[in-house]
Amino acid sequence: MREKRFEILEGLPPYGPMYIPITIDNEPFVSEGYVVRFFKADGTDWVANFKSGWTDYYEIFDYPDRDSTIVIAGGLGYIMTPDIEKPKSSFGMTIKDVIQKKDGSLICADDTHIILLDNQTGDFWESDRISWDGIRDLKLNENIITGQSFDPTNSKKPWTDFTIDLNTREIKGGSFQETLKNNPHLEPTKNGLIKEKQNDKKKKQWWKIW
């Protein structure tokens, strides 16, 4: 197996083969992003120009046993195979913090959710919404994630503790979850917001016509 699988470049190379733009939906991308050279098994190499997300978090995690390299470019995650010049999949957009477990699994936090890439099973898991807008002080103790989530409606105590049990995926606390708990008439929408619960049976509406 080849030893060197990638290197981070300071910018787009001024000579050699054309770089390959890497985006989440294959749209054209010509600006300079996160530039990485990948080395293929046959001894050749190619340069990837990753379109960045919306944060200043940049990192690469390599998994030779899975033949995968996870590139996080400005908060946007790409799952790559060095021999293939396009992503296998992508995730996130505003990732700001990542903890790597001893087994290689990645725990990623953006402003609202936690994302787990399980290196043992290959599973991808995204939590329910935890915070209204902000997660900080992310820590891992055994298999329990702890952190704080932001609540813009609480001026006296804007940061709320939360925990996630990675074994059961149970969430306790968190500003968004606390809002749902304290307001049983509300429920989350598919896009992560909140709406009034609808009755299962719609009330009949009678119209006066004369």
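Residues numbered from 1 in each chain as written. Predicted model: local features only at pLDDT ≥ 70, side-chain atom pairs only at ≥ 80, totals over all residues. Heavy atoms only, no water.

Observations concerning the confidence of the model for the protein
- Per-residue confidence for the protein gives a mean pLDDT of 89, with 93% of residues at or over 70.
- Of the regions scoring below 50 in pLDDT, residues 200-210 engages in 0 contacts with residues more than four places distant in sequence or in other chains. (pLDDT = per-residue confidence, 0-100. Contact = heavy atoms within 4.5 Å.)

Points about the packing of aromatic side chains
- For the coordinates displayed, the defined rule picks out 7 aromatic pairs.
- Centre to centre, the rings of Phe38 and Phe50 are 6.2 Å apart; their planes meet at 75°, and the pair counts as edge-to-face. Placement of Phe38 in strand E3 (residues 34-39) and of Phe50 in strand E4 (residues 45-50) is noted, with a sequence separation of 12 residues between them.
- Cluster of aromatic residues (ring-pair linked, three or more members): Phe38, Trp46, Phe50 and Tyr78.
- The ring centre of Trp125 lies 5.0 Å from the NZ or CZ of Arg169, which sits over that ring. (Phe/Tyr/Trp six-rings, centres within 6.5 Å; stacked < 30°, edge-to-face > 60°. Helix = DSSP H or I, 4+ residues; strand = E, 2+ residues; numbered from the N terminus. Lys NZ or Arg CZ within 6 Å of the ring centre and 35° of its normal.)

Considerations on the sheet that holds strand E2 (residues 20-22)
- One open sheet holds the 4 strands; their spatial order is E1-E3-E4-E2, and the pairing between them is mixed. Edge strands, defined here as strands with exactly one partner in the open sheet, are strand E1 (6-8) and E2. Neighbouring strand axes in the sheet, compared pairwise and without regard to direction, differ in orientation by 30° on average.
- As paired strands, E3 and E4 are joined by 6 bridges and run antiparallel to one another. Bridged to Tyr34 within E4 is Phe50. (Pairing = 2+ DSSP bridges. Axes fitted to C-alpha atoms, helices over the stretch in contact; angles between N-to-C directions.)

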